[in-house]
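Letter by letter, the chains look like this.
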Amino acid sequence: MTNITQPLICVACSHTEHIFLLEVRPKYQMLRCKNCGLIFVLPQWTIPTAANVFTHYDGWPEGISGGASNRTTSLKSIAQIINHRNPEGGRILDIGCADGAFFQRMHELSSKWEMFGAEPDPKWQNHNYPHSTVKSAILQACQFPDNYFDVVTILDAFCYVPEPDKELLEIQRILKPNGYLLLDVPGQSYLKLRGLIGNLAKLQNTQTFTAYPFYYSDKAIHLLARRVNMAVVESLPHSGTIQRSKLLHFLTLSYLWFVTRASNLSNQSVSLFPKIIYIIQNQNN
Ligand SMILES: [Zn+2]
């Protein structure tokens, strides 16, 4: 491993010491922050970089642009969590709403929500969203009023959000006091293990830490929230999406059975799960 000496600042914790992990594609390297464990791409992922990739892909996998499949079960369980916490409904914003599948799941459970979306990917510009108002722009350009939303969600998308410190600051501004952000991220330890097994079984698409510009550790999420006067109030393990490969699906189910029983779900062990859902509350009163 090589130490990178450039004065790069970690967006989650502001530390400047990082470890080189791997080269992911020509011109791109993945680094890990020595303090918080955030894994991030270099050159750092800025708003112009992301906009360029969403338009041209620029060597990133095409799946980077909202290509996830089989999300119905996962989105339904997230809609249930939100409705359980807010049975009275309210105003909700989904950032990176893609085809609007989440609005559909919410609509099926309750008619008490006024739903909004922000989708910067130009691919969805002319998409019809029957149950919501969607702006085809990055969050900062939407200019929502202060204290406007009860809930903000970023689903299967937070790992692509450029400048996440600024994004969270904007979310904190538009959230009502005690409103919350719900986001999900893949577990770092799970991905490492999955990469190892995939390698041994000679499966494709299981190489670790190559697809997203950010891979969050539990500590990175906590520190990022604290920077903008928000706090993680709950972290929930999640089984993630169904794997296409039958072998990988079987291994994932066996693994889940094992970790669910072996773990007491401390903050240190949540990253063993394929996905972790964070509920991050606005601490302003
Ligand atoms: Zn850090």
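The structure contained in this document is the topic of the report that follows. (Residues numbered from 1 in each chain as written. Predicted model: local features only at pLDDT ≥ 70, side-chain atom pairs only at ≥ 80, totals over all residues. Heavy atoms only, no water.)

All right, on to the pairing of strand E12 (residues 275-282) then. Buried residues dominate E12, accounting for eight of its eight residues. By the alternation rule, side chains of E12 split into Lys275, Ile277, Ile279 and Gln281 and Ile276, Tyr278, Ile280 and Asn282, which are all buried. Bridging between strand E9 (residues 175-186) and E12 involves seven bridges; their strand directions are antiparallel. Across the sheet, residue Val185 finds its bridge partner in E12, namely Ile276. For strand E11 (residues 230-238) and E12, the ladder comprises eight bridges, and the chain directions are antiparallel. (Buried < 20%, exposed > 50% of the residue type's maximum accessible area, 1.4 Å probe, protein only. Helix = DSSP H or I, 4+ residues; strand = E, 2+ residues; numbered from the N terminus. Pairing = 2+ DSSP bridges.)

Following Leu42, the chain continues to Pro43 via a peptide bond in cis, the omega torsion being 0°. In this fold, Pro43 is placed in the loop between strand E4 (39-42) and helix H1 (47-56). One non-glycine residue, Gln143, lies in positive phi territory at about 50°. Positionally, Gln143 belongs in the loop between helix H4 (139-142) and strand E8 (149-154). At Asp156, a position not held by glycine, the phi torsion is positive, near 55°. One can find Asp156 in the loop between E8 and helix H5 (164-174).

Bound to the zinc ion on the protein side are Cys10 (SG), Cys13 (SG), Cys33 (SG) and Cys36 (SG), at distances that span 2.3 Å. Coordination at the zinc ion is tetrahedral: its four donor atoms span angles of 101 to 118° at the metal. Counting residues between consecutive donors of the zinc ion along the chain gives the motif C-x2-C-x19-C-x2-C. Of the two residues, Cys10 and Cys13, both sit in the buried class. (Donors = N, O, S within 2.8 Å, 3.2 Å for Na, K, Ca; no water. Tetrahedral: all angles 85-135°; square planar, octahedral: opposite > 155°, others 65-115°.)

Turning our attention to the nonpolar core. Membership of the largest hydrophobic core comes to 67 residues, with the highest contact counts inside it found for Leu38, Leu93, Phe158 and Tyr216. The greatest single-element share of this core, amounting to five residues, is contributed by helix H7 (residues 218-227). With residues near it in sequence (within four places) discarded, Phe158 still touches Pro164, Leu168, Leu183, Asp184, Val185, Tyr216, Ile221 and Leu224. Grouped together as the second largest cluster of nonpolar side chains are 21 residues, Ile78, Cys97, Met106 and Ile279 included. (Core = buried A, V, L, I, M, F, W, Y, C linked by side-chain atoms within 4.5 Å. Contact = heavy atoms within 4.5 Å.)

According to the stated counting rule, one finds 11 salt bridges in the structure shown. For the salt bridge of Arg91 with Glu114, the shortest nitrogen-to-oxygen distance reads 3.3 Å. You can see Arg91 sitting in strand E5 (residues 90-95) and its partner Glu114 sitting in strand E6 (residues 113-118), a full 23 residues away along the chain. A salt bridge links Arg173 to Asp146; the nearest nitrogen and oxygen atoms lie 2.5 Å apart. With Arg173 in helix H5 and Asp146 in the loop between H4 and E8, the pair connects residues that are 27 residues apart, well separated along the chain. Under the relative-accessibility criterion, Asp146 is labelled partly exposed at 48%. (Salt bridge = Lys/Arg side-chain N within 4 Å of Asp/Glu carboxyl O.)

What follows concerns the packing of aromatic side chains. Counted by the stated rule, this structure contains 12 aromatic pairs. Measuring from centroid to centroid gives 6.1 Å for Phe116 and Phe144, while their planes differ by 80°, and the two rings are edge-to-face. Pair noted here: Phe116 is in strand E6 and Phe144 is in the loop between H4 and E8, with a separation of 28 residues, a long-range link. Both residues of the pair, Phe116 and Phe144, belong to the buried class. Where Phe209 meets Tyr215, the ring centres are 4.9 Å apart and the plane angle is 75°; that geometry is what we call edge-to-face. On the accessibility criterion, Phe209 (7% relative accessible area) is buried. A relative accessible area of 3% means that Tyr215 is categorised as buried. One aromatic cluster is present, built from ring pairs that chain together Phe116, Phe144, Tyr148 and Phe149. Over the ring of Tyr180 we find Arg85, and its NZ or CZ is 4.8 Å from the ring centre. Positioned over the ring face of Phe144 is Lys135, at 5.0 Å from the centre of the ring. (Phe/Tyr/Trp six-rings, centres within 6.5 Å; stacked < 30°, edge-to-face > 60°. Lys NZ or Arg CZ within 6 Å of the ring centre and 35° of its normal.)

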